[in-house]
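# What the coordinates show
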Amino acid sequence: MTGGVAARSPETVSVLTQNLFLGAALAPALEAETEAEFERTTERIYRNALESRFDLRAGALADRVADVEPDAIGLQEVARFEERGGEATTRDYLQTFLEELESKGLSYGERAAVETFDAEFSVADDSPLDRVRFSNRDVILAREGVETSGADAGAYYTGGREFGIGRGYCSTTVEGAFTFVNTHLSPPGVPVLQRVQAAELAARFRDPPTVLVGDFNSGPNTPTARAYDVLTRRYTDAYAAANPDESGHTCCQRPSLTNEESTLNRRIDHVFTRGDVKALGAERIGNDRTARVEGRWPSDHAGVTAELELP
């Protein structure tokens, strides 16, 4: 539990969900049939991640957070690369992001996390590096002064963990008032897993008030809407409640992030609420061209922030 700067009134809370985008899709690694193929695929993911320049993008993402100063944040695709051999270094997305927030006068700390990927792979012969250890997490942050307790994390029963890849959730109690949950469901190629994971999530976090955020890879009017339907039978979609006439697309920019015009075409990042919680407002961040930095979008996903009124 932490203390410090006073939090907002206990009756309202501001939350944010943001996929940081590790810089490449993990789906090809899921399709690997041998360990050798997995290593080759993972190295390509690593190369693409470096080219995505999170060191630049983190500042643009922090700018968007500074505009809203949420009390609690759910982050997905929080990558870490530990390079070994040669001029080895560690590229930690969370550390970089927190430092960028600090540079803007914002103090946030990690309050809960779940690891979803952990693998080590060799690097091509022409590289000064020997091997790289790559891990990926979903993380909950809270603003300094916002009290949290009871951090927890778990893996879904469905989704597997072949070659170190898995899906899970993390949670914490915020200000003793509500449970805050962050997750990243399986990709669109496996909608059955999404639905089962959504059902498991809804069953596990059934005691209100609950705020559930994340990248669900499912949303209204999408081919994988069934997971979204499972959740909205039990939860309220805060963005839809606050903006009933808006599409609010959050995904996805092109993997290179260098497209001039936005290619967001579906809404799969959500803030869900359960219990007597009212959405006073909700909006997207990082979804317009002013968010770009040196020709790149800050992430392939827009973030979603919501101001909520609690019982």
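Residues numbered from 1 in each chain as written. Predicted model: local features only at pLDDT ≥ 70, side-chain atom pairs only at ≥ 80, totals over all residues. Heavy atoms only, no water.

## Some details on the layout of surface pockets
Note the following rule: Only protein atoms enter the 1 Å grid, on which a cavity is a set of points fitting a 1.4 Å probe that cannot get out and a pocket is an open set with protein on both sides within 12 Å along at least 5 of 7 lines, lining residues being those with an atom within 4 Å of a point. Grid points are joined across faces, edges and corners, and a volume is the space filled by probe spheres set on the points. Under the scheme used here, helices are H or I runs from DSSP no shorter than 4 residues and strands are E runs no shorter than 2 residues, and both carry numbers assigned from the N terminus. We call Asp, Glu, Lys and Arg charged. Ala, Val, Leu, Ile, Met, Phe, Trp, Tyr, Cys and Pro are nonpolar, and the rest, Gly among them, are polar.
Its volume calculated, the largest pocket comes out at about 470 Å³. As for the largest pocket, its lining consists of 29 residues, and the residues nearest its centre are Ala25, Leu26, Glu77, Asn217 and Asp300. Where the lining of the largest pocket is concerned, the elements lending two or more residues are α1 (27–30), β4 (108–122) and β5 (131–143). Residue composition of the lining of the largest pocket, by class: 15 nonpolar, eight polar and six charged.

## A closer look at the state of the cysteines
Where we set the bar: Two cysteine sulfur atoms form a disulfide, by the criterion used here, when they sit within 2.5 Å. With a 1.4 Å probe rolled over the protein chains alone, any residue whose accessible area is under 20% of its type maximum counts as buried; one over 50% counts as exposed, and the rest are partly exposed.
If you walk through the whole model with that rule in mind, you get one disulfide. At a sulfur-sulfur separation of 1.3 Å, the disulfide partner of cysteine 251 is cysteine 252. Residues cysteine 251 and cysteine 252 are joined by a disulfide whose S-S torsion is about -40°; by sign, that bridge is left-handed. With a relative accessible area of 1%, cysteine 251 lands in the buried category. The cysteine cysteine 170 is free of any disulfide, with cysteine 251 supplying the nearest cysteine sulfur at 20 Å. Here cysteine 170 falls in the buried class, since its relative accessible area comes to 0%.

## What about helix α4 (residues 93–103)?
The criterion, for reference: Here, the arc refers to the directions that run from the helix axis to the C-beta atoms. In this description, contact between two residues means that some pair of their heavy atoms is separated by no more than 4.5 Å. Polar contact criterion, stated in full: a pair of N or O atoms within 3.5 Å, where within protein one must be able to donate a hydrogen and the other to accept it, and residues adjacent in sequence count only if both atoms are side-chain atoms.
Listed as buried for α4 are Tyr93, Leu94, Phe97 and Leu101. End-on, the buried residues of α4 take up no more than an arc of 95°, which puts them together on one face. Away from the buried face of α4 by more than 90 degrees, exposed residues Glu102 and Ser103 are located. Summarising the contacts, the buried residues of α4 are in contact with α2 (35–51), α3 (54–68), β2 (72–84), β3 (90–92), β4 and β5. At the N-terminal boundary of α4, the capping side chain belongs to aspartate 92, with an oxygen 3.0 Å from the backbone nitrogen of leucine 94.

## Re the packing of helix α5 (residues 191–204) against helix α6 (residues 225–232)
How we decide: Note on geometry: axes are C-alpha line fits, over the in-contact stretch for helices, and angles between N-to-C directions span 0 to 180 degrees. Working definition: roughly parallel below 35 degrees, roughly antiparallel above 145 degrees, roughly perpendicular at 65 to 115 degrees, and oblique for all remaining angles. We call a crossing left-handed when the near helix sits turned anticlockwise from the far one by less than a right angle, and right-handed when that turn is clockwise.
Running from amino to carboxyl end, α5 crosses α6 at an angle of 15°, the nearest separation of the two axes being 8 Å. Considering the angle they form, α5 stands roughly parallel to α6. Crossing geometry of α5 relative to α6 is assigned as right-handed. Where α5 abuts α6, its residues Gln194, Arg195, Ala198, Ala199, Leu201 and Ala202 lie against Arg226, Ala227, Val230 and Leu231. By residue class, the composition of the contact of α5 with α6 is seven nonpolar, one polar and two charged.

## Topic: the pattern of salt bridges
The condition that has to hold: By salt bridge we mean one thing: a side-chain nitrogen of Lys or Arg within 4 Å of a carboxyl oxygen of Asp or Glu.
Counted under the stated rule, the structure contains 16 salt bridges. The partner of arginine 47 in a salt bridge is glutamate 43, with the nearest N and O atoms 3.2 Å apart. Of this pair, arginine 47 and glutamate 43 both sit in helix α2, four residues apart, roughly one helical turn. Under the relative-accessibility criterion, arginine 47 is labelled partly exposed at 29%. We classify glutamate 43 as buried; its relative accessible area is 15%. The salt bridge involving arginine 292 is made with glutamate 260; its shortest N-O contact spans 3.8 Å. Here glutamate 260 lies in the loop between α7 (238–242) and β11 (269–274) and arginine 292 lies in the loop between β12 (278–285) and β13 (303–309), a separation of 32 residues in the sequence. On the accessibility criterion, arginine 292 (18% relative accessible area) is buried. Linked through salt bridges whose partners overlap, the residues forming this network are Glu260, Glu261, Arg289 and Arg292.

## Some words on the packing of aromatic side chains
What counts here: Centres within 6.5 Å are what make two rings of Phe, Tyr or Trp a pair, Trp counting through its six-membered ring; a difference in plane orientation under 30 degrees is then read as stacked, over 60 as edge-to-face, and the rest as tilted.
Applying the stated criterion to the full structure yields ten aromatic pairs. Ring centres of tyrosine 46 and phenylalanine 81 lie 5.4 Å apart, and the angle between their planes is 55°; on these two criteria the pair is classed as tilted. On the criterion of sequence distance, the pair formed by tyrosine 46 in helix α2 and phenylalanine 81 in strand β2 is long-range, its members being 35 residues apart. There is no split in this pair, since tyrosine 46 and phenylalanine 81 are both buried.

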